[in-house]
Every structure is written in C-alpha cells, then in structure tokens.
Number of protein chains: 2
Amino acid sequence: MSGAQFDIAGIGNAIVDVVARTDDHFLTRRDMRKGGMALIDAIEAIELYSAMPPGQESSGGSVANTCAVAAMLGARVAYLGKVAADQLGGVFGHDITAAGVHFPTEPLAEGAPTARCLILVTPDGQRTMNTFLGAAVAFGEDDVDTDLIAASAVTYLEGYLFDPPAAQAAFRLAARAAHAAGRQVALSLSDPFCVDRHRHAFRALVREEVDILFANEAEVTSLYEVNSFDEAIAAARHDVKLAALTRSEAGSVIVAGNEMVQAKAAPAHVVDTTGAGDAYAAGFLVAHTRGLDLAECGRIASAAAADVVGQLGARPAPGLAARIGLSGQAPR
Amino acid sequence: MSGAQFDIAGIGNAIVDVVARTDDHFLTRRDMRKGGMALIDAIEAIELYSAMPPGQESSGGSVANTCAVAAMLGARVAYLGKVAADQLGGVFGHDITAAGVHFPTEPLAEGAPTARCLILVTPDGQRTMNTFLGAAVAFGEDDVDTDLIAASAVTYLEGYLFDPPAAQAAFRLAARAAHAAGRQVALSLSDPFCVDRHRHAFRALVREEVDILFANEAEVTSLYEVNSFDEAIAAARHDVKLAALTRSEAGSVIVAGNEMVQAKAAPAHVVDTTGAGDAYAAGFLVAHTRGLDLAECGRIASAAAADVVGQLGARPAPGLAARIGLSGQAPR
C-alpha cells in the first residue's frame, strides 16, 4: 500500500489489565459468566478489586495488544485510545510506546481514572474479565486524528469500543476519513456479548464501512444470528471484501469474494489463551499490508496466535518475528 | 511464643516492581552492575523508565514479599512500610492486604510517589534492579506502631531500609519496643552493596539489637569483612542468638550458640531467582514462631525458596503451604 505513513492505525479501549488467580467459587458467588467480559462501574470495580487476590498489572486492550504485536513484527503502527493523566495511564503510554507504537492521543486531564480490566484466572486456565472503562469512555470524535487515519494503510477498529457511547460516532468519522483517502477499514467484533449488545449498529457498520472483518465463530454467528459457521461465512463474504474467521484450535477460514483459504492453527502448548485473537489479527494485518497472499496471511496470523497462547499474558516475549519466520522489516 | 497477636511484624521499603526484559547491551551502555540493586532518583527513574521496554507491574519489596509468603503459610503477619496516596500505592496496599497481611501504615499524603523498582531481566535470567525509593523514604519513627511491635513474636527488619535516612532511627525504636515486651528482632542484610554502604551502622545494630540474622554468603562476609564463609559463621554466632546464612543452591547453615544445622537446598527448576531469599526467610520465621527445631526451620525455608524460584516473580502461586507440606494453621 504505497504512500502510507503507517501500515496500521488502531483505535480501541486503552486498558490496564489486573490479573489474579481465583477459584471457581469466587466467580459463582458473584454470578460471573466464566470466560466472558462484563462491564462494571467505578463502585463495582472498587468492590471487586477489594475482594480479589493479589494481582499483576500490565497493559492490555484488544486492539492495543494487536498494535503492540504488529509493531514487534516490523509494521509501522499508530494507536488511538484514551487514558487518564494518572499512574496507570503512564504505564499504558509507556508500554505501547516502548513497543514501538506511535500513541498521540491526549490523556484525559480530569474525571475518570485510566480504564482497567480485572481478570480472574481460574485453575482451568480460563479468564473471566470485568472491565471498568473509566477514561476510555471519553474517547470521541475529537480524538480521531483524521490526517493520521488518512496516512494509514489500514485503520483497525475494536468492537469493544462500541460500549462507550461517544465511540460509535468516532468510528464512523475514522472510517470516512480512511475511505476518503483510499485506505481500508478493519474491525474486530471482540466478544459475542458485545455483539449482542450492539448487533444493529455492528451490522450497519460492517455493511457500510468495513473492508476487513475479524471475528471468531461465536461472534460472527451472533452478528448474523445464524446457527452454523458456514452460514456466517456466507453472510460475511456478502458484506465485506475480506473476512478472517477464527475457530480456536480448528484454525481459521479466510474469505475474499470467491476465494477461500483454510488456515490451520499452529501447534501450541496452551498456557493462557488471552490475546490469541489479538495476535492473530496482528499477524494477519502485517502480512496483508505487505501484500502477501491470503494463505500467507493466515499462516503468519496463526503462528503469532500460537506464540502468544504459549505464554502468560497478551503481549509476546521479544523475538516474535524471528520465532514465526518473518523478517523484521517490510520491503518499502 | 505465647500471648502474641502477630507471629511476624515486618518493616521494609514498600515497593512496586516494574519488570521488563532487556539484552545485556542495555545494561552495559548504562554502566549497570548486573544482578545488583542501585538506588536512583526521580529524574533517573523517569529517564530509565522511558528507555525501558514494556513492563509488568506487581507488588514487591523484600520484607513485604516475606510477609506475604508467611501469611500464605498460615502465620499471623503485620507489615509496616510507606507508600504514597496514589494508584501504585493502592496496588501495593491491595496486594499485601489480599495476601492476608495487616497493613496499617498511613500512606504519604503529599510529596514523592510510591516507590518503584525498575527490574531488567537479561536473557540469562538475571535481574538487575534500579530502585526509586519515593515515598518509602518518608518512613520514620512516627510510623512505628510500638503496641503492634510489642504484640508480635518477631519483628523483622529489612536491611534495604537503612538507605532512607529516617529509617535507622525507626529500626532502633522498633527493636527497643520488641525487646521491652520480651519479643525477638530479626534482620535481613538484603544486599552486599547495601551492607557496604552502611557497614558500621549494620554491625552495631546486629550486635546490639538483632536476635535472628538472615544473610547470604556475600552479605555476611561483607558485613564482617572476612574472606571465608566459615569466618563469617563464627562472627555471626558470636553476635546473634540465631543466624540463617544462605548459599543459593549449596543450601544454608543455621547456627544458634553451639548448635549448627546444615540445610540442603530443595530441588528446584530455576525459572527466576527473584524472591528466593525473601521466601526462605518466610519459611524460616513461620517454622521458628511455631516452635519447630532448627532442622525443620531450615527444611521449610528451603522448600519455600525452591517454590518461588520455580516461577516468575517473588510471590508464589496459591497453595504454597500444601506444596511444601506445611499445615495451613499453627496449633494455638
């Protein structure tokens, strides 16, 4: 994609993860849906944090994870998302910048603190997420740097950002700016329950503005309210130019018009599945913006996902590009 | 130890660790002593953090780690240490409280932020620490709750706390309060370079106030300025009632008057040595306050250290007591 300053511009909820180990009883007592993501308010966040075991903090956020991984793979990446001007906001800004991602969004000076996701890991390795959106709610049209979007080959939008009310308008603005400059728009559906909450708006956005759709089986069947993966593939193929639809260890299906590629999942010793989808999208978008074919996009995406699944946390250890057999720099 | 409300009252630098992976070049370019701990000021902390790769945050501090592990092993534990009234202070307070430790110290309302230790992990698994003491410097005599000390079987002091100027007076106050109530005082030397910086004050404190001394080979030979471990053992035996002197994978030597016990290191698959000494002290103090003999104190100490060494980070995963064969509750 010639003339672009960035390969990828991501827009998402800028979140710090707080990870703690609990037993199943801790979840059931609080009516939490294991493996899901629930939104919580400030009071609930304080209460849950008080009750939680000791934690570990690290930068998170789905599209932010994707951006960090893509930068590790040699892509030129920018990220837009709202933190507060507080210590956790400083941690988020440090980490994404240190990963090599351009992060120009002004922090929120007053009001809510930086968003955090309280993640409870049960002995079976599953993660149950409780997100307090905090300052991320304040992301709006003013934060969309349309010049930056116009200078980015792909603008990648996070489905979770449909929860904060102002963000849907920001998405539309970003998508228009991208298309006006002849660029592409990608979207991750993020979570089947997020799709449930915003199905109508998602369907319209996908149909009208999205070129590249990322979704797992649960998300894409929820989006189209169909019962089978095949029906969902057919619906997605009709709506978008390119869709990468994932099925965990069963691999992924990539469709583009009449072309369809099945990508196997790369072998992985599963330690922690957090960030697998984010890393998949990173590998895919890096390969796509280098102009590689669909099979190679799928292979690199699967390899990046397998690497992240083999370790604790959503952001891989240094040396990812070499591990998955990708040269660090794209030919320019 | 009858009549005590707490088995252990720890006093130390309340620190949040920020861990990142770097190469050796990152250290040599900055003249860092690999494996050591250096004190840095606020400006240096900002500069180093800016240059560091993405990190992971978790509660640390040597004696705070010991207190958290001791509480996991069923001991009744209190901790005194100074954080600021900021987000990282909130993280520290949450984690130590959630570990089951009573943490009554008032946070610093204004001034320096919560202390942090920027930890650089090189590919060989070694950790190089850079500590910005921040609010921990403000810990002083006013923070020593002498009633709490008098109600604790053992007061455990962190050698690192000799760096903040006000803390030495606080140590003396705590030691006097403990002894006036017929309790014991334990000290960890923390670091050979910390011993170098404060040798005179350490020697006087050990001789005059310390009942139980924890040190590794480098620390105890530095303290007494002797060339051999055996000479150091002889000197420590003369100065304190009980000394537990560690030599990493060569195990430890415990001396009490004419009694001497050699404890083997427990077998461990070494992942990360951070917190090994802290966990050793925790196991030892828990066994000691239960009235177990020296051999058993050494065995439990070594088992706790091996458990922590086998995982990333200084605070072990839930279930430690069961893994090392210790019943969760002491007979009372």
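Heads up: the structure comes first, above all this text.
This section reports on the structure supplied with the text. (Residues numbered from 1 in each chain as written. Chains lettered and ligands numbered in written order. Predicted model: local features only at pLDDT ≥ 70, side-chain atom pairs only at ≥ 80, totals over all residues.)

**Description of the overall build of chain A**
Point 1. Helix and strand counts for chain A come out as 13 helices and 13 strands.
Point 2. Scaling as 2.2 N^0.38, a compact globule of 332 residues should have a C-alpha radius of gyration of about 20 Å, and chain A matches this with 18 Å.
Point 3. Dimensions of chain A, computed from C-alpha atoms along their principal axes, come out at roughly 50 × 40 × 40 Å.
Point 4. In chain A, which comprises 332 residues, the share counted as buried stands at 55%.
Point 5. Of the contacts made within chain A by residues no fewer than 6 positions apart, 76% connect residues no fewer than 24 positions apart. (Helix = DSSP H or I, 4+ residues; strand = E, 2+ residues; numbered from the N terminus. Rg over C-alpha atoms; globule rule 2.2 N^0.38 Å. Buried ≥ 20, exposed ≤ 12 C-beta atoms within 10 Å, placed from the backbone. Contact = placed C-beta atoms within 7 Å.)

**Some words on the relation of the copies chain A and chain B**
Note: a rotation about an axis with an accompanying shift along it relates these two copies of the chain.
Point 1. With an RMSD of 0.0 Å, the fit of chain A onto chain B corresponds to turning through 180° and sliding 0.0 Å along the axis. Seen this way, the second copy is the image of the first under a two-fold rotation axis. In terms of C-alpha distance to the rotation axis, chain A has Glu-57 of chain A as its closest residue, with the C-alpha 2.4 Å off the axis.
Point 2. Looking at chain A, 100% of its interface residues are interface residues in chain B too, so the copies touch through the same face. (Least-squares fit on C-alpha atoms with pLDDT ≥ 70 in both.)

**Here we look at the sheet that holds strand β11 (residues 242-246) of chain A**
Sheets are built from strands paired through backbone hydrogen bonds, the pairs being either parallel or antiparallel.
Residue and element names in this part refer to chain A.
Point 1. Read across the open sheet, the eight strands follow the order β5-β1-β8-β9-β10-β11-β12-β13; overall the sheet is mixed. Of all the strands in the sheet, the pair left with one neighbour each is β5 (77-80) and β13 (259-263). Put simply, the sheet's adjacent strands are angled 15° from each other on average, direction ignored.
Point 2. Contacting β1 (6-11), β8 (152-158), β9 (184-188), β10 (212-216) and β11, helix α11 (residues 276-289) crosses the sheet at an angle of about 165° to β8. (Pairing = 2+ DSSP bridges. Axes fitted to C-alpha atoms, helices over the stretch in contact; angles between N-to-C directions.)

**Details of the environment of Val-220 of chain B**
Point 1. Along the chain, the position of Val-220 of chain B falls in helix α9 (residues 217-224).
Point 2. Distance from Val-220 of chain B to Asp-17 of chain B, taken between C-alpha atoms, is 26 Å for residues 203 residues apart in sequence.

**Overview of helix α3 (residues 62-72) of chain B**
Point 1. With eleven of eleven residues buried, α3 of chain B lies mostly within the body of the structure.
Point 2. By the burial criterion, the buried members of α3 of chain B are Ser-62, Val-63, Ala-64, Asn-65, Thr-66, Cys-67, Ala-68, Val-69, Ala-70, Ala-71 and Met-72 of chain B.

**Quick look at the interface of chain A and chain B**
Point 1. Counting residues at the interface gives 21 residues for chain A, matched by 21 residues for chain B.
Point 2. Breaking the side of chain A that touches chain B down by element, the ones donating at least two residues are β4 (56-60) and α4 (87-98) of chain A.
Point 3. Considering each element in turn, the side of chain A that touches chain B owes the most residues, six residues, to α4 of chain A.
Point 4. Looking at the side of chain A that touches chain B residue by residue, the class counts come to ten nonpolar, six polar and five charged. (Nonpolar A, V, L, I, M, F, W, Y, C, P; charged D, E, K, R; others polar.)

**A few points about helix α8 (residues 199-209) of chain A**
Residues and elements named next belong to chain A.
Point 1. Along α8, the residues that are buried comprise Phe-202, Leu-205 and Val-206. All buried residues of α8 project into a common sector of 95° when viewed along the axis, lining one side. Those residues of α8 that are exposed and aimed more than 90 degrees away from the buried face are His-200, Arg-207 and Glu-208.
Point 2. Considering only its buried residues, α8 is in contact with α6 (167-180), β9, α7 (192-197), β10, α9 (217-224) and α10 (229-239). (Arc of directions from axis to C-beta.)

**Here's the deal with the pairing of β8 of chain A**
Residue and element names in this part refer to chain A.
Point 1. Of all seven residues making up β8, seven are buried, and the element is well covered by its neighbours.
Point 2. Looking at chain direction, β1 and β8 are connected through five bridges and run parallel. By the bridge assignment for β8, Phe-6 is matched with Ser-152.
Point 3. Taken together, the five bridges between β8 and β9 define a ladder with parallel strand orientation. Counted as the bridge partner of Tyr-156 is Ala-186 from β9.
Point 4. Each parallel crossover has a hand, and for β8 linked through α6 to β9 it is right-handed. (Right-handed = clockwise from strand over helix to strand, strands pointing away.)

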